[in-house]
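# Tertiary structure, described
Below, each chain spelled out in residue letters.
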Amino acid sequence: MTLEQLRIFLAVAERQHVTRAAEALNLTQSAVSAAVSALEARHGVRFFDRVGRRILLTETGEAFMAEARAVLDRAETAEMVLEDLAREPRGRLRVHASQTVASYWLPPRLVALHEMHPDIELRLTVSNTTQVADAVQEGGADLGLVEGAVAHGDLHRQVVARDRLVLVMATDHPWVGREAVPPAELATQSWILREPGSGTRSEFETWLAGQGLCVAALPLALELPSNEAVLNAVASSQCLAALSQRAVARPAAAGWIRTLPLPGAERPFSLLTNPRRYRTRAQQALIGILTDEGFAAGLP
């Protein structure tokens, strides 16, 4: 069994399509089929059932996927360790970040990393807080950055910045001009919220609980998967939303939405790392930028 056979098997298993796997690997279809067949023949197993032009994973194939991924993860870690022996930080750095962090706080810090260490190959993936934590837990991400609470107790969590939620409304909403809103009145309005699993949503739910309320008590018009979608929907409706102050700063300054404070709705931006995994020089370089107080003080 070779690492190349495992890579080919995983590519086919994930796509359940030989041709697409071959294209992704830049191999011929016959080479991909031969690698899978050799693995099956050597161990007397069957990974796929052929149904017409489709292929479906067998129970054996599904069980083997997890083991194949684990072996390839270990091989990639070994490769990173060897690359890390170089004096200058280099190599691949996989960062997963939740939307608010990735869009409004992280970019200038990534630019700083590139300017300091141009040999680091940076890959940024944007998803919600739950997905980021899962990626760090499972090894799909080297570092994670989130704005909400995470349920993965075995991950190391370090606060690197702070943010606050604000109430967002259209410029013609009846509440424009008010300085504050009693929490009891929030249930009298329709709402547009981020999707469950997002840090913004979980932090808003936590804030509501502190006010003796819950999301179920709010008339919910829409759930949308990005800050921009929520902003555009709110700006063209009479609905309310709760979003990051960082996310709404420019639209508010441009005058196409209005905001009100949500007292006590502060939240941290947190760095997630997996203590069981090797920390490369590239990871240490970015962590140094993210956690440097002097650097952070000069950036929004």
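Throughout what follows, the structure given in this document is the object of discussion. Fair warning: this is a prediction, and the values are worked out from it, not measured in the lab.

It is worth spelling out the overall build of the chain at this point. The helix and strand inventory of the chain stands at twelve helices and ten strands. On the principal axes, the C-alpha backbone points of the chain span a range of 75 × 50 × 35 Å. Across the 300 residues that make up the chain, the buried fraction comes to 45%. When contacts within the chain are restricted to residue pairs at least 6 apart in sequence, long-range pairs at least 24 apart make up 74% of them. As displayed, the chain has an accessible area near 15100 Å², and 51% of this comes from carbon and sulfur atoms. When the 30 basic and 34 acidic side-chain charges of the chain are each reduced to a single mean position, those positions are 2 Å apart.

Pairing of strand β5 (residues 143-146) with strand β10 (residues 258-273) involves three bridges; the strand directions are antiparallel. Note that in β10 the partner of V146 across the bridge is S270. Sheet topology note: the strand β6 (residues 156-169)/β10 ladder contains twelve bridges and is antiparallel. Opposite M169, over in β10, you have R258 as the bridge partner.

One can describe the packing of helix α2 (residues 18-25) onto helix α3 (residues 29-43) by two numbers: an axis separation of 8 Å at closest approach and a directional angle of 105°. By the criterion of interaxial angle, the relationship of α2 to α3 is roughly perpendicular. Residue-level contacts link V18, T19 and A22 of α2 to Q29, V32 and S33 of α3. Classifying every residue of the contact of α2 with α3 gives three nonpolar, three polar and no charged.

What follows deals with the pattern of salt bridges. Enumeration according to the criterion identifies 16 salt bridges in this entry. Here D49 ties to R46 by a salt bridge, and the two come within 3.7 Å at their closest N and O atoms. Where R94 meets D142, a salt bridge forms, and the shortest distance between an N and an O atom there is 2.9 Å. Placement of R94 in strand β3 (residues 91-97) and of D142 in the loop between α7 (129-138) and β5 is noted, with a sequence separation of 48 residues between them. On the basis of relative accessibility, which here comes to 9%, the residue D142 falls in the buried class.

Glancing now at α3. If you check α3, its first and last C-alpha atoms are 22 Å apart, about what 15 residues at 1.5 Å a residue would give, namely 21 Å. Among the residues making up α3, those that are buried are V32, A35, V36, L39 and E40. One side of α3 carries all its buried residues, which in axial view fall inside an arc of 125°. Exposed residues on α3 whose side chains face more than 90 degrees from its buried face are S30, A41 and R42. Trailing α3 by a residue or two, G44 shows a phi angle of about 65°, which is positive.

Interaxial distance between helix α1 (residues 3-15) and α3 falls to 9 Å at its minimum, and their mutual angle equals 110°. The angle between α1 and α3 falls in the class roughly perpendicular. Mapping the contact onto sequence places Q5, I8, F9 and V12 in α1 and V32, A35, V36, A38 and L39 in α3. Taken together, the residues of the contact of α1 with α3 break down into eight nonpolar, one polar and no charged.

The next subject is the side chain of S270. Structurally, S270 is set in strand β10. The class for S270 is buried, based on a relative accessible area of 0%. For S270, the side chain forms a polar contact with the side chain of R157, separated by 3.2 Å. The residues touching S270, leaving out its near neighbours within four places in the chain, are G144, L145, V146, R157, Q158, V159 and V160.

Another point: the sheet that holds β5. Pairing in this open sheet of six strands is mixed, and the strands run β4-β3-β5-β10-β6-β9 from one edge to the other. The sheet is open, and its two borders are formed by β4 (120-126) and β9 (241-244), each paired with just one other strand. When the angles between neighbouring strand axes are averaged without regard to direction, this sheet yields 25°.

Next up on the list: unusual backbone geometry. Unlike most non-glycine residues, Q16 shows phi in positive territory, near 50°. Even without being a glycine, N26 presents a positive backbone phi close to 60°. Its location among the elements puts N26 in the loop between α2 and α3.

With respect to the secondary-structure elements, R201 resides in helix α8 (residues 199-210). One polar contact links R201 to E223, side chain to side chain, over a distance of 3.2 Å. What R201 contacts, discounting residues up to four positions off in sequence, is L193, R194, E195, P196, V215 and E223.

Rules of the game
- Residues numbered from 1 in each chain as written.
- Predicted model: local features only at pLDDT ≥ 70, side-chain atom pairs only at ≥ 80, totals over all residues.
- Heavy atoms only, no water.
- Helix = DSSP H or I, 4+ residues; strand = E, 2+ residues; numbered from the N terminus.
- Buried < 20%, exposed > 50% of the residue type's maximum accessible area, 1.4 Å probe, protein only.
- Contact = heavy atoms within 4.5 Å.
- Areas by Shrake-Rupley, 256 points an atom, 1.4 Å probe, with all protein chains shown as cover.
- Lys, Arg positive; Asp, Glu negative; His and termini not counted.
- Charge placed at Lys NZ, Arg CZ, Asp CG, Glu CD.
- Pairing = 2+ DSSP bridges.
- Axes fitted to C-alpha atoms, helices over the stretch in contact; angles between N-to-C directions.
- Parallel < 35°, antiparallel > 145°, perpendicular 65-115°, else oblique.
- Nonpolar A, V, L, I, M, F, W, Y, C, P; charged D, E, K, R; others polar.
- Salt bridge = Lys/Arg side-chain N within 4 Å of Asp/Glu carboxyl O.
- Expected span 1.5 Å × (residues − 1).
- Arc of directions from axis to C-beta.
- Polar contact = N/O pair within 3.5 Å; in protein donor to acceptor, adjacent residues only side chain to side chain.

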